[in-house]
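Spelled out from the first residue to the last, the chains are:
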Amino acid sequence: MWVASGRKVRMETITSDVVVVGLGGFGSAALWRLAERGVDVTGIDRFDVGHNLGSSHGVTRLFRVACMEHPGLAAVARKSLELWTGLGERYGETYVEQIGCLSVGRPGSRPVQGTTTAADAAGIGVAHLTHDELVERYPQFAGYADDAVGVLDPEGGLCFPERNVRAQVRAAAEAGARVYPGTRVASVELVDGGVRVVTPTVVFEAAQAVVAAGAWNPKLLPGLPLRPRRTPLYWFAPRADATQSFDLSAFPSFIYELGDGRSLWGHGSGDGFHIKIGLGDHGSDYTDPDELDRYIHPRIDVDRLADAVGTAFPQVDPVPVKAIPCMITDSPDEQFLVGRPDGDPRLVVAGGDSGHGFKHAAGVGELLTQIAVGEQTYGDIGFLDPTRFAV
Ligand SMILES: Cc1cc2nc3c(=O)[nH]c(=O)nc-3n(C[C@H](O)[C@H](O)[C@H](O)COP(=O)(O)OP(=O)(O)OC[C@H]3O[C@@H](n4cnc5c(N)ncnc54)[C@H](O)[C@@H]3O)c2cc1C
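Below: a short report on this structure. (Residues numbered from 1 in each chain as written. Predicted model: local features only at pLDDT ≥ 70, side-chain atom pairs only at ≥ 80, totals over all residues. Heavy atoms only, no water.)

### Brief notes about the overall build of the protein chain
Short version of the rule: The secondary structure listing takes helices from DSSP runs of H or I that are at least 4 residues long and strands from runs of E that are at least 2 residues long, numbered from the N terminus. Radius of gyration means the value over C-alpha atoms here, while the globule rule gives 2.2 Å times the residue count to the 0.38 power. The cut-offs for exposure are 20% and 50% of the maximum accessible area for each residue type, with area from a 1.4 Å probe on protein chains only; residues under the lower value are buried, those over the upper are exposed, and the others partly exposed. Areas reported here follow the Shrake-Rupley algorithm with a probe of radius 1.4 Å; residue values treat only the protein chains shown as occluding.
Within the protein chain one finds eight helices and 21 strands. Its C-alpha atoms give the protein chain a radius of gyration of 21 Å, near enough to 21 Å, the size a compact globule of 391 residues would have. By its C-alpha atoms, the protein chain is 70 × 45 × 45 Å across when sized along the principal axes. Counting every position in the protein chain, which comprises 391 residues, the buried fraction comes to 57%. As presented, the protein chain carries roughly 15800 Å² of accessible surface, and 49% of it is formed by carbon and sulfur atoms.

Structure follows, in structure tokens:
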């Protein structure tokens, strides 16, 4: 490499069997699972571990096992639950809090029908609430359709992005993984017999790369059909007389279709966090992740949500107490990409989270590991195969 002075500088080269690019939700899980298998693995992230500049920050994420997005995701969520429960016992922390997840809407709506279909397929013991039961049990909700019903997934609840990512990286390092935070990958090059992962200071050589760069995936692997979207996170406070009603114990995580068709998701307040509410259709502010608008615009961002919050939860102040930007990366069919693009044996990718990926992170990390080491995957994941898209 030539530097400005004209002197030739020798780049350090680090060799391992597998290099993982991106240590967010998916990548840190892959690093952990590979290291636990005894694989010689190196993990790289452009930022610090557990940072708030990508997609895995904001304290909490909804956890669901009966996933309306695809029945096949139940196996992945359950694998996350199994792995995170084991990790929680090791480190004395909670990585999934199973307070339940309530889906509300008309009988044929996506939250109700999709959740029911997924529960039936995976044998999940959801509770079906009639309209009257819903009204009686959850008086916090308003604005739903006259025939709205509820489906409660008892295995659902919350998971914790920064905490879980840090634990996954800690477990990976303890199992022998090398970790390079603050190291930006400039390119992932496919070469004879493997990959070269180039950073400004070090070249990482390996037989395979697992690329899990979230919103930056299309920059490193330009053929992938992925589009990052600016999607802020919002926290709210209850009105003065309703504080108790919005505690997590009374107000679980939820997906909620209003009578007018808008959908909301969120959960109650807990230890160290306020009520979180987001809009299902966050709009389509497609963005370059390096140019993400990190400013919260009261007239655009807040107004977009406040009306729906006011309709759905009259006991909540519709002006958020806090908001921070985040990114979702959409795939064309809203399913993730987990596997080998073009079947290339040097590359495994995880991305296209489409706004519902964190709960599956540990399960996806295990799948990435199985693919990399050539094991049979624990579930049928054809619907996540990147080759389903003609690239
Ligand atoms: C508003 C919002 C609400 C959500 N709600 C939920 C929910 O309730 N439940 C749920 O399960 N999911 C939810 N999600 C989705 C979930 O957060 C994502 O699916 C998940 O965080 C994606 O993880 P990731 O590993 O793909 O990306 P990230 O966690 O962003 O990881 C990518 C990593 O790659 C690194 N990287 C990028 N480029 C480079 C480079 N060139 N060199 C080195 N490192 C690089 C980044 O720094 C980053 O750490 C939500 C997302 C948003 C935005």
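Let's pick the thread back up.
### A short note on the layout of surface pockets
Where empty space is left can be seen by rolling a probe of water-molecule size over the atoms. What counts is decided by this rule: Grid points spaced at 1 Å and placed over the protein atoms alone form the basis of the search, with a cavity being a set where a 1.4 Å probe fits but cannot get out and a pocket an open set showing protein on both sides within 12 Å along at least five of seven lines. Lining residues have an atom within 4 Å of a point. Grid points are joined across faces, edges and corners, and a volume is the space filled by probe spheres set on the points. Classification convention: Asp, Glu, Lys, Arg as charged; Ala, Val, Leu, Ile, Met, Phe, Trp, Tyr, Cys, Pro as nonpolar; all other residues, Gly among them, as polar.
Here the second largest pocket is characterised by a volume of approximately 230 Å³. Lining the second largest pocket are 15 residues, with Leu-221, Leu-224, Pro-341, Asp-342 and Leu-347 sitting closest to its centre. For the lining of the second largest pocket, a count of residues per class yields 11 nonpolar, two polar and two charged.

### What about the packing of aromatic side chains?
How we decide: Here the aromatic set is Phe, Tyr and Trp, taking the six-membered ring for Trp, and pairing holds for ring centres within 6.5 Å; pairs whose planes are under 30 degrees apart are stacked, those over 60 apart are edge-to-face, and all others are tilted.
This model, assessed by the stated rule, comprises 16 aromatic pairs. Here Tyr-256 and Phe-313 contribute two aromatic rings whose centre-to-centre distance is 5.8 Å and whose plane-to-plane angle is 50°, an arrangement assigned as tilted. Of this pair, Tyr-256 sits in strand S15 (residues 253-257) while Phe-313 sits in the loop between helix H7 (298-312) and strand S18 (322-324), and the two are 57 residues apart along the sequence. On the basis of relative accessible area, Phe-313 is assigned to the buried category, the value being 0%. Here the aromatic cluster, defined as three or more aromatic residues joined through ring pairs, consists of Tyr-138, Phe-141, Tyr-144, Phe-246, Phe-251, Phe-254, Tyr-256 and Phe-313.

### Looking at the site of the ligand
What counts, and what does not: Any residue with a non-hydrogen atom lying within 4 Å of a molecule or strand is treated as near it. Pairing of N or O atoms within 3.5 Å defines a polar contact, subject to two protein rules: one partner must be a possible hydrogen donor and the other a possible acceptor, and residues neighboring in sequence count only if both atoms are side-chain atoms. As used throughout, domain bounds are those supplied by an automatic or database domain assignment.
Lining the immediate surroundings of the ligand are 34 residues, of which Asp-45, His-51, Ser-56, Arg-61 and Leu-62 lie closest. A distance of 3.0 Å separates a nitrogen atom of the ligand from a polar backbone atom of Arg-46. Interatomic distance of 2.8 Å between a backbone N/O atom of Leu-62 and an oxygen atom of the ligand. Considered on its own, the ligand offers 1000 Å² of accessible surface; in the complex 98% of this is hidden by protein. Elements with a minimum of two residues in the shell around the ligand: helix H1 (25-36), strand S3 (61-63) and strand S19 (327-330). Taken together, the residues that form the shell around the ligand break down as 15 nonpolar, 13 polar and six charged. Domain assignment of the residues forming the shell around the ligand places at least three in each of domain 1 (12-57 + 161-225 + 332-389) and domain 2 (101-154 + 232-325).

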